There are 2 protein chains.
Amino acid sequence: MRLTTKGRYAVTAMLDLALHADNGPISLAGISKRQEISLSYLEQLFSKLRQNDLVSSVRGPGGGYRLSRSSDEIFVAQIVDAVNESIDATNCGGTGSCRNGEICLTHHLWCDLSDQIHDFLSGISLASLVARKDIQEVSERLDKEEALQKAEADSMQRISASSLG
Amino acid sequence: MRLTTKGRYAVTAMLDLALHADNGPISLAGISKRQEISLSYLEQLFSKLRQNDLVSSVRGPGGGYRLSRSSDEIFVAQIVDAVNESIDATNCGGTGSCRNGEICLTHHLWCDLSDQIHDFLSGISLASLVARKDIQEVSERLDKEEALQKAEADSMQRISASSLG
DNA sequence: TATATACCCTACCATTACAGTCAGGATTAC
DNA sequence: GTAATCCTGACTGTAATGGTAGGGTATATA
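Remember, it's a predicted structure, so these values are computed and weren't measured experimentally.

### Comments concerning unusual backbone geometry
Apart from glycine, the bulk of residues carry a negative phi angle, and the bulk of peptide bonds sit in the trans form.
Turning to step 1, where the next piece is worked out: For Asp53 of chain A, which is not a glycine, the phi torsion comes out positive at approximately 60°.
Turning to step 2, where the next piece is worked out: Mapped onto the secondary structure, Asp53 of chain A falls in the loop between helix H3 (39–51) and strand S1 (55–58).

The following block contains the structure:
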């Protein structure tokens, strides 16, 4: 079973995209700042997300990423599947060759667990996450934080520009 | 989320114990043969299982391990918890310090998932696994295989003994 | 047309964990 | 006493994760 920072980052980034869907294409730089995820790492993740047709990209200045479809048609399971190889809880990858070519004692149990997890995450759309109050609160906090940092950066630049001029 | 061969092996071994509960203490050597798990590795796992009071040990010849309570009072979640550090799906270990000391955007989602998995595995006792037909069939296959190998080994020893005498 | 912004891609690397080995002990039935 | 068994700790190869580095390529805007 593989559910690590990789899958979590991917879902977080996609949720960020869904939350800011109204602002046109969203740059990875923005996501990187808001969610504190390394930009290069995000690029790797979004490469896979694009290959799996979950996002589409716009190049050039003002560019960024967009969800490839409506947020109620994108589910957490799809995102995790896209960046992790599988969300399979078995050791054999579901093939049933876990003990010397045949199934092991606990094969069926892990199959059941896999189904359970998959069903759960398949039922959660980005739209349903966006609608959650606890998530909206966190999102607002991060947006404010980013705006604050941007204001600081701008003011620094103004000072530096005025000292030059 | 950590669910790897380690946790799977532990559950498999405990299930083996439950299936052979009538035969007195079960040696790790036997489990190792039947389930094809390295003996040294099993020893490490059982050290943790013992610390978590899931099994009790009997030393000396004829010794081995026993379930520390009835198989309907031991649940899969407890076993996985005992050998893995946690079955937590969050990155922060549930503390909510996932993004710079505060919670990240997807914290609540991973908490929900953790609960989901934990509830599922907490509801499955060793007894309920032992009762499953598909598991009984696998178990019979492994027992036969072991008996066959033992018979072969014995016959080899007889030949070797007779050639010596 | 120059330039800055942003996506895109490949190779590389440090750390960590897993899965397993090895070597030696301690305990106890026979 | 000897063999079977549990018990413990140190060690190791491999693979994955999480991340860095350094190049590209496309395109909006001045």
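### Here's the deal with the interface of chain A and chain B
Turning to step 1, where the next piece is worked out: On the side of chain B, 43 residues touch chain A, which itself brings 44 residues to the contact.
Turning to step 2, where the next piece is worked out: When chain A packs against chain B, close to 4,000 Å² is buried across both sides, 63% of that on carbon and sulfur atoms.
Turning to step 3, where the next piece is worked out: Broken down residue by residue, the surface that chain A buries against chain B is led by Arg8, Arg99 and Leu105 of chain A, which jointly contribute 21%.
Turning to step 4, where the next piece is worked out: Inspection of the chain A/chain B interface yields 5 salt bridges.
Turning to step 5, where the next piece is worked out: Its salt-bridge partner being Asp112 of chain A, residue Arg132 of chain B comes within 3.1 Å of it at the nearest N-O pair.

### Things to note about the protein's contact with DNA strand D
Turning to step 1, where the next piece is worked out: Taken together, 28 residues lie around DNA strand D, and Thr5, Gln44 and Arg59 of chain A together with Ser57 and Tyr65 of chain B are the ones closest in.
Turning to step 2, where the next piece is worked out: The sugar-phosphate share of atoms of DNA strand D within 4 Å of the protein amounts to 65%.
Turning to step 3, where the next piece is worked out: Note that a phosphate oxygen of DNA strand D is positioned 3.1 Å from one of the side-chain N or O atoms of Ser38 of chain A.
Turning to step 4, where the next piece is worked out: A distance of 3.2 Å separates a base nitrogen of DNA strand D from a polar atom in the side chain of Glu43 of chain B.
Turning to step 5, where the next piece is worked out: Elements with a contribution of two residues or more to the surface near DNA strand D: helix H1 (5–19) and H3 of chain A together with helix H3 (39–51), strand S1 (55–58) and strand S2 (64–67) of chain B.
Turning to step 6, where the next piece is worked out: Ranked by residues supplied to the surface near DNA strand D, first place goes to H3 of chain B with 4 residues.

### What to know about the protein's contact with DNA strand C
Turning to step 1, where the next piece is worked out: The local shell around DNA strand C holds 27 residues, among which Ser57 and Tyr65 of chain A together with Thr5, Gln44 and Arg59 of chain B are the closest.
Turning to step 2, where the next piece is worked out: When the atoms of DNA strand C within 4 Å of the protein are sorted by group, sugar and phosphate make up 63%.
Turning to step 3, where the next piece is worked out: Within the side chain of Ser57 of chain A, an N or O atom sits 2.5 Å from a phosphate oxygen of DNA strand C.
Turning to step 4, where the next piece is worked out: Within the contact set of DNA strand C, a base oxygen lies 2.8 Å away from a side-chain nitrogen or oxygen of Gln44 of chain B.
Turning to step 5, where the next piece is worked out: Listing elements by their share of the surface near DNA strand C, those giving two or more residues are H3, S1 and strand S2 (64–67) of chain A together with helix H1 (5–19) and H3 of chain B.

What counts, and where the lines are drawn
- Residues numbered from 1 in each chain as written.
- Chains lettered and ligands numbered in written order.
- Predicted model: local features only at pLDDT ≥ 70, side-chain atom pairs only at ≥ 80, totals over all residues.
- Heavy atoms only, no water.
- Helix = DSSP H or I, 4+ residues; strand = E, 2+ residues; numbered from the N terminus.
- Contact = heavy atoms within 4.5 Å.
- Buried area = accessible area lost by both parts, 1.4 Å probe.
- Salt bridge = Lys/Arg side-chain N within 4 Å of Asp/Glu carboxyl O.
- Near = heavy atom within 4 Å.
- Polar contact = N/O pair within 3.5 Å; in protein donor to acceptor, adjacent residues only side chain to side chain.

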